Amino acid sequence: MSGESTLHIRLVECLERRVRERHATERGLLMLVDHHRYGSDRPHRVNGYCPDLFASDLPTTFEILGEAKTTPDLERPRSQAQIVAFLDHLSLRPGGWFYLCVPLLSVGRARNLLARLRSEQHAGVIAEVITLV
């Protein structure tokens, strides 16, 4: 996360809060976040890319990947390839969730991007665009 903008850091923190609020379980939630508070406990690479957030319950019944994108990042080919890689991964998991956290003014653009990038194989993945609150 070194070198990330303040906005990107806030978006990652929003991802973390939302996942904790929505997916907390009695047995706990395994969560790894690309944030300085997690030290070296960062998410593992998924299809060649490192997500900003990885979470699952134990034993695993769902898996979550989250990505924070600033407005300029949404349009970059690398970001789009990354999102597809994460959706591909989650499509092979039961209970796959993908969160894309963007600034408020980019919510519509992010929803359109997700709709464009999703394929039929991603139909079982719950994908949602969220923003700072």
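## Section: the overall build of the chain
- Along the chain, the regular secondary structure elements total four helices and five strands.
- When the helices and strands of the chain are listed from N to C terminus, the series reads α-β-β-β-α-α-β-α-β.
- For the chain, whose C-alpha radius of gyration is 14 Å, the value lies close to the compact-globule estimate of 14 Å for 133 residues.
- Taking the principal axes of its C-alpha atoms as reference, the chain extends roughly 40 × 35 × 30 Å.

## Observations regarding the packing of helix α3 (residues 77-91) against helix α4 (residues 107-117)
- Two elements in contact, α3 and α4, have axes whose closest approach is 10 Å; the angle formed by their N-to-C orientations is 60 degrees. One way to sum up the angle between α3 and α4 is to call them oblique. The crossing of α3 and α4 is right-handed. For the pair α3 and α4, the contacting residues are Q80, I83, V84 and L87 in the first and L113, L114, R116 and L117 in the second.
- Among the residues forming the contact of α3 with α4, the class breakdown is six nonpolar, one polar and one charged.

## What about the confidence of the model for the chain?
- For the chain, the mean per-residue pLDDT works out to 92, and 96% of the residues sit at or above 70.
- At the level of individual helices and strands, the chain shows its lowest average pLDDT in strand β1 (residues 29-33), which scores 92, and its highest in strand β4 (residues 96-102), which scores 98.

## What about the pattern of salt bridges?
- Applying the stated criterion across every chain, the model contains seven salt bridges.
- With its nearest N and O atoms 3.3 Å apart, the salt bridge here joins K69 to E67.
- Salt-bridge contacts for R76 lead to D73; the nearest nitrogen and oxygen are separated by 2.2 Å.
- Given the relative accessible area of 41%, R76 is considered partly exposed.

## Quick look at the pairing of strand β2 (residues 53-57)
- Of all the five residues making up β2, five are buried; the element is thus mostly covered by neighbouring parts of the structure.
- Every second residue of β2 is oriented toward a common face, with L53, A55 and D57 on one face and F54 and S56 on the other, all of them buried.
- In the sheet, β1 pairs with β2 via five bridges, with the strands oriented antiparallel. Following the sheet pairing, L30 is matched in β2 by S56.
- Here β2 runs beside strand β3 (residues 63-68); their pairing, made up of four bridges, is antiparallel. By the bridge assignment for β3, S56 is matched with E63.
- Between β2 and β3, which pair antiparallel one after the other, the connecting turn spans five residues.

## Focus: the nonpolar core
- Formed by 21 residues in total, the largest nonpolar core has its most connected members in L65, I83, F98, L100, V102 and L114.
- Those elements giving two or more residues to this core turn out to be α3, β4 and α4.
- Beyond its immediate stretch of four places on either side in the chain, L114 contacts I83, L87, F98, L100, A127 and V129.
- Counting 15 residues, the second largest nonpolar core, distinct from the first, contains M31, I64, Y99 and I130.

About the thresholds
- Residues numbered from 1 in each chain as written.
- Predicted model: local features only at pLDDT ≥ 70, side-chain atom pairs only at ≥ 80, totals over all residues.
- Heavy atoms only, no water.
- Helix = DSSP H or I, 4+ residues; strand = E, 2+ residues; numbered from the N terminus.
- Rg over C-alpha atoms; globule rule 2.2 N^0.38 Å.
- Axes fitted to C-alpha atoms, helices over the stretch in contact; angles between N-to-C directions.
- Parallel < 35°, antiparallel > 145°, perpendicular 65-115°, else oblique.
- Left-handed = near helix turned anticlockwise from the far one by under 90°.
- Contact = heavy atoms within 4.5 Å.
- Nonpolar A, V, L, I, M, F, W, Y, C, P; charged D, E, K, R; others polar.
- pLDDT = per-residue confidence, 0-100.
- Salt bridge = Lys/Arg side-chain N within 4 Å of Asp/Glu carboxyl O.
- Buried < 20%, exposed > 50% of the residue type's maximum accessible area, 1.4 Å probe, protein only.
- Pairing = 2+ DSSP bridges.
- Core = buried A, V, L, I, M, F, W, Y, C linked by side-chain atoms within 4.5 Å.

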